[in-house]
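Per-entry structural report
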Amino acid sequence: MLTTLPHTLLAIALLLIVVSAIQPLARWLMLSSTVMLAVVGVLLGGGATLLLNLHHGGDALTEAAGMLIHIPVNAEVFLFIFLPILVFHGALSIDVRRLARDWAPVLVMAVVAVVVTTAAIGFALAPISGVPLTACLLLGAIVATTDPSAVVGIFHEIGANSRLTRLVEGESLLNDAAAISIFTILLAQLTGQHPAAPLEAALTFLGSFGGGLLVGFVLARLMLAVLPWLGGNRTAEVTLTLALPYVAYILCDEVFGFSGVVAAAAAGLTVSAVGPSTFRPQSWQFLQDIWAQLSFWASSMVFILASMLVPRLMLGMEQHDLLLIGVTILAATVARAAVLFGVMPLLLVLRLSQRVPIPFKVTMLWGGLRGAITLALALAVTENGAVPSQVQQFVAIVATGYVLSTLLVNGTTLRFLVHWLKLDRLSPADQALRNQVVAIGLGEVRDKLRNTAADYGFSAPPTAHVVEMYDRRVKVETAANTFDTAISDRERVILGLITFASQERSVLLALFEEQGLSRRVMESLLWNAESMIDGARSEGRLGYIQAARRRLQPGPRFHVAQWLHRQFRIDKPLMHCMAERFETLLLTRLVSVSMSRFMRRRMEPVLGERVTEVVSDIVARREDLLQDAMDTLRLQYPGYAEALETRLLRQLGIRLEAEEYDTLKRESLVGEELHEELMRGLETMRQQIARPLQFNIQSGLDQRIAEFPVFAGLQDALLHDLAMNVTSRFVVPGEWIYRRRHRAGSVYFISRGEASLQQDGREVLLTHGDVLGEAEVIHPGNVRSGRRAGRARATSFCHLLELSAADFRRLLAEAPELARRIERLAEQRGPGEVVAAPPEALPAPGPMPAALPVPAAREI
């Protein structure tokens, strides 16, 4: 039979038509489309094979059957063309932060369950199969992988619980990698290419898994770093993401010897985590839509093509093979149940995971469907000439029979199991919230509809009829509304905080779309918003407050930049970090302040006035901290703050101007050509404004030094030398400036902010113009080995000018009157307040104090 390119393309086109027809048919029959694809594929493959065996003529029907049977598809086509797309899209569509909360159960099901299932099937079949134990273990690895297309597709179609879907998505994504890694090791042992001891095989598996993770992550980060060079071209960006999984997969599989599936999954997870802050929102949505279509084509073709191979793989089946298939089903079910009900509870005991409910476990046990990936691996065994023919037939028949049993039995009944376990229903709290939101929303729609009908001159009878329909719906929803009793005040506060943080995230994305902030700042702000959402979900208001504090605390990159600035006078990294911190604080505060209207108009009607007040109080305290941090920077660098605010206002003006031009176009007041010309002009202005501002960390340093009272009257030359020698240090509330018994290597001048000095059992509050740490440098003999006698920490956001002890001593030698001024300044501080415990007995606080206190219980 000829398998020319036109014949192949025609056959694929016909299969795509079949795929399109199956979608509405599956909905009508209330079956999963993946199961329907498998059934249709088996029927097509079996029918075409039967037709070719019965008719040897050259009629059109025989030629069509020949085209289907002889499509040039082998195991490599499945593994190298389709699998990278499916794995990458599966990872791309996962919420990485939420998946991270369930990392322990996902890894248990993706790795431990695969290993246990492989071993259980292998040792169960070895005594009765007549093939070596290695071949039985190989079969176990082949059928241990759940198919992501089959499982995730069904759960999305039936609207299963979001956490259950997330667990199944994570397992389906990663257990392919584990199973294929084990399959590769066992196949090498079976063919004698690389026999290995169990310990060596385990190390090979871990190396393959870890190497794939590293390569996928690095390649994804490199791709994301290249994106700004593409100038926002969406088609080029999507093309780059299409190349990414293939590059990662093939490099690992063919060059490095790592797991290509793990690399593709790691690349997808990295893009999923960082993509929203790297791609513009419209580009990100465009990418998601393109990948959803690619994944649909790939998964559909994989299922139907793999299913068409079933008759070929089942050739030579005997009654004894039914026993082997039954033993495989039993062993796989028992092994999976042992992990779900035996290992999973240990995660709760070890506090590695939240409790996984029994209905979830039952559904995950029954939902372990196998599909195209299993058939592709079995096909790879049959195509390997180094594998004995007896083993080839054994693997092909048992694996195919197992796939059919899971699809035709589990796949057809999984929907009803989820319904029976009520896992497709909203929780009582969500149902109450749904009634509350719908009742309010319908009321607003009714009022707007009545006004719209009056504006457009609709007659009274139809207007009254439609408005009455909405009145009835509002009454039904109001009668069913149990929001006040079903959701406690604490839950409503948590819901309010989640809603507030989610809306902040939406506003940030809108700013990012208008090129109102840089990619790095956007990445930081989005991760912080997600952290506040996750913190509120897991720990309530305390978790939200802790996440808000972390937003204000400089990260490791900032501390490294400060260290380079102090030790080696390398200013550029700190300048970039300061510019980003300035932009982050300003944007965070502006977005937070702009949310007040959203709270009054949208949150208060749903959550109630009392809960909204509590949320407002929590947010207001966060805004106070933001204002404090912003004022510290604004006072130090007023020129940069003014330039940054000017740029934001100009960007806002461009957005308003674009909206006005769009309105004029919709109203036909300007034509298409004029509108395009106006938008091109705005784009040019937007690109000019988007250029990064230059931040000079030394800006105004001479002036700030001259403001210190202790330096009044010093020679200009000394002031200039001092400005050249000091370094800037920025500290946050609660951060230790130095501790007791630390080496006295520096003196600190407080340029802005407040700090607390604890020494000799007393505490003194120091502020702008004060000096810290000078006593141990002026009188080193009073302290053993030049160590600190007390300790100091910031009580607000502080900007310190740090001078090394050697430079400070040289300054005192050249200006003896300065030492006397500092001594008088120390005497004027007063005795201070008595500290509750000796300094050495006080516990060291964390990097951030409780700057955002939790509202008292009586407030809610």
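Note that the structure is a prediction, hence the values are computed from the model and not measured.

1. So, the confidence of the model for the protein chain
Chain-level pLDDT for the protein chain is 79 on average; 88% of the residues reach the 70-or-more range. Averaged pLDDT values for the elements of the protein chain fall to 50 in strand β9 (residues 833–834) and rise to 91 in helix α11 (residues 234–256). Counted against residues more than four places away or in other chains, residues 834–860, with its pLDDT under 50, gives 61 contacts.

2. Quick look at the pairing of strand β5 (residues 762–766)
Judged from the five bridges that link them, strand β4 (residues 755–759) and β5 form a sheet pairing that is antiparallel. What sits directly across from alanine 755, in β5, is leucine 766. Here β4 folds back onto β5 in antiparallel fashion, the turn holding two residues, of which aspartate 760 has a positive phi close to 55 degrees.

3. Side note on the pattern of salt bridges
For the coordinates displayed, the defined rule picks out 11 salt bridges. A salt bridge links aspartate 471 to arginine 446; the shortest N-O distance between them is 2.7 Å. Of this pair, aspartate 471 sits in helix α20 (residues 460–480) while arginine 446 sits in helix α19 (residues 428–456), placing them 25 residues apart in sequence. Take arginine 446: its relative accessible area is 19%, and that puts it in the buried class. Several salt bridges share partner residues, and in doing so they unite Arg446, Asp447, Arg450 and Asp471 into one network.

4. Considerations on a negative patch on the surface
Among the surface-exposed residues, Glu76, Asp253, Glu254 and Glu383 lie close enough to one another that they form a single negatively charged patch. Inspection of the secondary structure assignment puts glutamate 383 in the loop between α17 (372–382) and α18 (389–420). Judged by its relative accessible area of 39%, glutamate 383 is partly exposed.

5. Describing the pairing of strand β1 (residues 727–731)
With five of five residues buried, β1 is to be regarded as a mostly interior element. In β1, alternate side chains face the same way, and those of Thr727, Arg729 and Val731 on one face and Ser728 and Phe730 on the other are all buried. Judged from the five bridges that link them, β1 and strand β8 (residues 798–804) form a sheet pairing that is antiparallel. Paired with phenylalanine 730 across the strands is histidine 799, a residue of β8.

6. Digging into the sheet that holds β8
The antiparallel open sheet is built from four strands, whose spatial order is β1-β8-β3-β6. The sheet is open, and its two borders are formed by β1 and β6 (771–772), each paired with just one other strand. Strand direction decides the pairing type here: strand β3 (residues 746–752) and β6, joined by two bridges, are antiparallel. Each bridged residue has a counterpart across the sheet, and for phenylalanine 749 the counterpart in β6 is valine 771. Across the sheet, helix α24 (residues 556–568) lies against β1 and β8, angled at about 155 degrees from β1, the strand it touches most.

7. A look at unusual backbone geometry
Here the phi dihedral of serine 668 falls at roughly 60 degrees; this positive angle occurs in a residue that is not glycine. Along the chain, serine 668 falls in the loop between α28 (638–666) and α29 (672–689). At arginine 741, a position not held by glycine, the phi torsion is positive, near 75 degrees. Looking at where arginine 741 falls in the secondary structure, it is placed in the loop between β2 (736–738) and β3.

8. Observations concerning the packing of helix α6 (residues 103–129) against helix α9 (residues 162–190)
Relative orientation of the contacting elements α6 and α9 amounts to 35 degrees, with a least axis distance of 8 Å. In the crossing of α6 with α9, the sense of the turn from one axis to the other is right-handed. Residues Pro105, Val106, Leu107, Met109, Ala110, Val111, Val114, Val115 and Thr118 of α6 lie in contact with α9, whose contacting residues are Leu167, Gly170, Glu171, Leu174, Asn175, Ala178, Ala179, Ile182 and Leu186. Class assignment of the residues belonging to the contact of α6 with α9 gives a composition of 14 nonpolar, three polar and one charged.

9. Let's talk about the packing of helix α7 (residues 133–143) against α9
Interaxial distance between α7 and α9 falls to 9 Å at its minimum, and their mutual angle equals 160 degrees. On the basis of the axis angle, α7 is roughly antiparallel to α9. Handedness of the α7/α9 crossing: left-handed. For the pair formed by α7 and α9, the contact residues are Thr134, Ala135, Leu137, Leu138, Ala141 and Ile142 on the first element and Ala179, Ile182, Phe183, Leu186, Leu187, Gln189 and Leu190 on the second. In terms of residue class, the contact of α7 with α9 is made up of 11 nonpolar, two polar and no charged.

10. Regarding α17
Among the 11 residues of α17, 10 are classified as buried, and the element is accordingly described as predominantly covered. For α17, the complete set of buried residues consists of Ala372, Ile373, Thr374, Leu375, Ala376, Leu377, Ala378, Leu379, Ala380 and Val381.

11. What about the packing of aromatic side chains?
Overall, the coordinates contain 10 aromatic pairs when judged by the stated rule. Their ring planes at 80 degrees and their centres at 5.9 Å tell us that phenylalanine 708 and phenylalanine 749 sit as a pair that is edge-to-face. Highlighted residues: phenylalanine 708 in the loop between α30 (701–706) and α31 (716–725) and phenylalanine 749 in strand β3, separated in sequence by 41 residues. Given the relative accessible area of 1%, phenylalanine 708 is considered buried. Consider the rings of tyrosine 738 and tyrosine 748, whose centres lie 6.2 Å apart with planes at 20 degrees: the pair is stacked. Here tyrosine 738, found in strand β2, pairs with tyrosine 748, found in strand β3; they are 10 residues apart in sequence, far enough to count as distant. By the burial criterion, tyrosine 738 is buried, and tyrosine 748 matches it. Here the aromatic residues Phe708, Phe711, Phe749 and Phe808 are joined through ring pairs into a cluster of three or more. The ring of tryptophan 736 carries arginine 793 above its face, with NZ or CZ at 5.5 Å from the centroid.

12. Some remarks on the nonpolar core
One finds Phe78, Ile142, Phe183, Val271, Leu305 and Phe394 to be the most contacted residues of the largest nonpolar core, which totals 137 residues. Counting residues per element, this core draws most heavily on α9, at 15 residues. When neighbours within four sequence positions are excluded, phenylalanine 183 is seen to be in contact with Leu138, Ala141, Ile142, Leu377, Ala380 and Val381. In this structure, Phe558, Leu585, Leu633 and Tyr637 belong to the second largest nonpolar core, which totals 32 residues.

Rules used in this analysis
Note on numbering: residues in each chain are counted from 1, in written sequence order. Thresholds applied to this predicted model are a pLDDT of at least 70 for local features of residues and 80 or more for the giving and counting of side-chain atom pairs; totals over whole chains, interfaces and linings are not thresholded and use all residues. Computation of side-chain values covers all heavy atoms of the structure but excludes hydrogens and water. pLDDT measures how confident the predictor is about each residue, on a scale from 0 to 100. Only runs of H or I of at least four residues qualify as helices and only runs of E of at least two qualify as strands under DSSP, and these elements are numbered from the N terminus. Throughout, a contact is declared for two residues whenever any of their heavy atoms are within 4.5 Å. Between any two strands, at least two bridges found by DSSP are needed for them to pair. What makes a salt bridge here is a side-chain nitrogen of Lys or Arg within 4 Å of a carboxyl oxygen of Asp or Glu, nothing more. Relative accessibility decides the category of a residue: with a 1.4 Å probe and only protein chains considered, values under 20% of the type maximum give buried, values over 50% give exposed, and everything between is partly exposed. Patches in this entry comprise residues that are over 30% relatively accessible and not in a salt bridge; like charges within 9 Å are linked, as are nonpolar side chains (Val, Leu, Ile, Met, Phe, Trp, Tyr) within 5 Å. Here the accessible surface of atoms and residues is derived via Shrake-Rupley with a 1.4 Å probe, and residues count as covered only by protein chains that are part of the display. Note that His is not counted, nor are the chain ends; the positive residues are Lys and Arg, and the negative ones are Asp and Glu. In this description, the location of a charge corresponds to atom NZ of lysine, CZ of arginine, CG of aspartate or CD of glutamate. In this analysis an axis means a line fitted to C-alpha atoms, helices contributing only their contacting stretch, and an angle means the value between N-to-C directions, from 0 to 180 degrees. A crossing counts as left-handed when the near helix is turned anticlockwise from the far one by less than a right angle, and as right-handed when that turn is clockwise. Lys, Arg, Asp and Glu make up the charged group, whereas Ala, Val, Leu, Ile, Met, Phe, Trp, Tyr, Cys and Pro make up the nonpolar group; the residues left over, Gly among them, are polar. Orientation categories follow fixed angle ranges, with anything under 35 degrees roughly parallel, anything over 145 roughly antiparallel, 65 to 115 roughly perpendicular, and all other angles oblique. Stacked, tilted and edge-to-face are the three classes assigned to paired rings of Phe, Tyr and Trp, where Trp is represented by its six-membered ring and a pair needs centres within 6.5 Å; plane angles under 30 degrees give stacked, over 60 edge-to-face, the rest tilted. For a Lys NZ or an Arg CZ to count as sitting over a ring, it must be within 6 Å of the ring centre and within 35 degrees of the ring normal. Among the buried residues, those of types Ala, Val, Leu, Ile, Met, Phe, Trp, Tyr and Cys that are joined through side-chain atoms within 4.5 Å form a nonpolar core.

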